[in-house]
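So you can see what is in the structure, the chains are spelled out below.
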Amino acid sequence: MIEGRPSRTALGVAMRRAAHQLLDRPLVFEDSVALRILGPRYGERLRADLLTRHRTRTARLLRAFLVVRSRLAEDLLAEAVAAGVTRYVVLGAGLDTFAYRNPFPGLRVFEVDFPATQAWKREMLAQAGIAVPESLTFAPCDFARQSAADALAAAGVDAAQPVFCSWLGVTMYLERDAVLATVRSLMPFIRAPGGLVFDYLVPVSTLPFTQRMLFRLFGGGVRRRVARAGEPFIADFTPTGLEAAIRSLGGRDVADYAPQALTDRYLGNRPDGLRIGRIGHMLLVRG
């Protein structure tokens, strides 16, 4: 992140979640606020690009992963709530909309994010006429310099009771040590039935030859765009290496969701052929 500037990639993610509501059927991830939060300016830009940039192969692969990761996170949250969890922490919230369509009475939501991004989001909400619910607390945090646990404590989150956390679209922008330090700091909070779900990238070099070639053809542009935005991809992990590191930090229950498993779970037998790429994984951790 660049000091004093909101995340530019957060807007791109929000645009793609909104594009899903307009382009893809059946919906993988229903988000009744996705279009509203963009406001007129970005909403018009989205609609102008629907038939061009949002229909390319790269755009479809990326959009599919973004909506699948949100769907998995909220499915796992629902399981945690059913098991008695009453607090949900959205780490690196960006323009995430869960708090504004929260279906669970009694569930408190904490949005933890870079201060400039959080201020920008609040402006977006105000301009769109989206009220901030009483069940939501904003907690500023710079993940590269500050402990997520300290940010939660400052927001009044006590580790005495488990919480469920999602951390989407952040790990790839941090150094590996910062990713693992964040997970370590959260361990006291994410005991079962709570947990932490996050996405991460695997090294392109670990993909089969055909997948490496496809990534170079279609995926390299994403890396170049985020780098030009000042938010380059930094960290990647192998699944086995990451699991071993998480267990060394105290993770007792670690479940990896590979691309094929995610495709089978959410994208099987679709008439539009929507699929995700091969470098994005999801991981569920409980301390």
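No experiment lies behind these values; they were computed from the predicted model shown.

Enquirer: Give a detailed account of the sheet that holds strand 5 (residues 195–201), specifying residues and quantitative values.
Expert: Spatial ordering of the open sheet is given by 3-2-1-4-5-7-6, a layout of 7 strands whose pairing is mixed. Edge strands, defined here as strands with exactly one partner in the open sheet, are strand 3 (136–140) and strand 6 (253–257). Shown here is a sheet whose adjacent strand axes are inclined to one another by a mean of 20 degrees, direction ignored. Direction of pairing for strand 5 relative to strand 7 (residues 280–286): antiparallel, over a ladder of 6 bridges. In the strand pairing of strand 7, Asp-199 is matched with Met-282. Against the sheet, helix 8 (residues 239–248) makes contact with strand 5, strand 6 and strand 7, and its axis sits at roughly 160 degrees relative to strand 6, the strand it touches most.

Enquirer: Summarise unusual backbone geometry; cite the residues concerned and give the values.
Expert: Residue Arg-25 is joined to Pro-26 through a cis peptide bond whose omega torsion reads 0 degrees. Its location among the elements puts Pro-26 in the loop between helix 1 (8–23) and helix 2 (39–49). Cis peptide bonds are those with omega within 30 degrees of zero, and the linkage from Ala-192 to Pro-193 qualifies with 10 degrees. Of note, Pro-193 is situated in the loop between helix 6 (176–186) and strand 5. The phi angle at Asn-269 is positive, at roughly 60 degrees, despite the residue not being glycine.

The rules we used
- Residues numbered from 1 in each chain as written.
- Predicted model: local features only at pLDDT ≥ 70, side-chain atom pairs only at ≥ 80, totals over all residues.
- Heavy atoms only, no water.
- Pairing = 2+ DSSP bridges.
- Helix = DSSP H or I, 4+ residues; strand = E, 2+ residues; numbered from the N terminus.
- Axes fitted to C-alpha atoms, helices over the stretch in contact; angles between N-to-C directions.
- Contact = heavy atoms within 4.5 Å.

Such coordinate-based values are descriptive only and should not be taken to indicate function.
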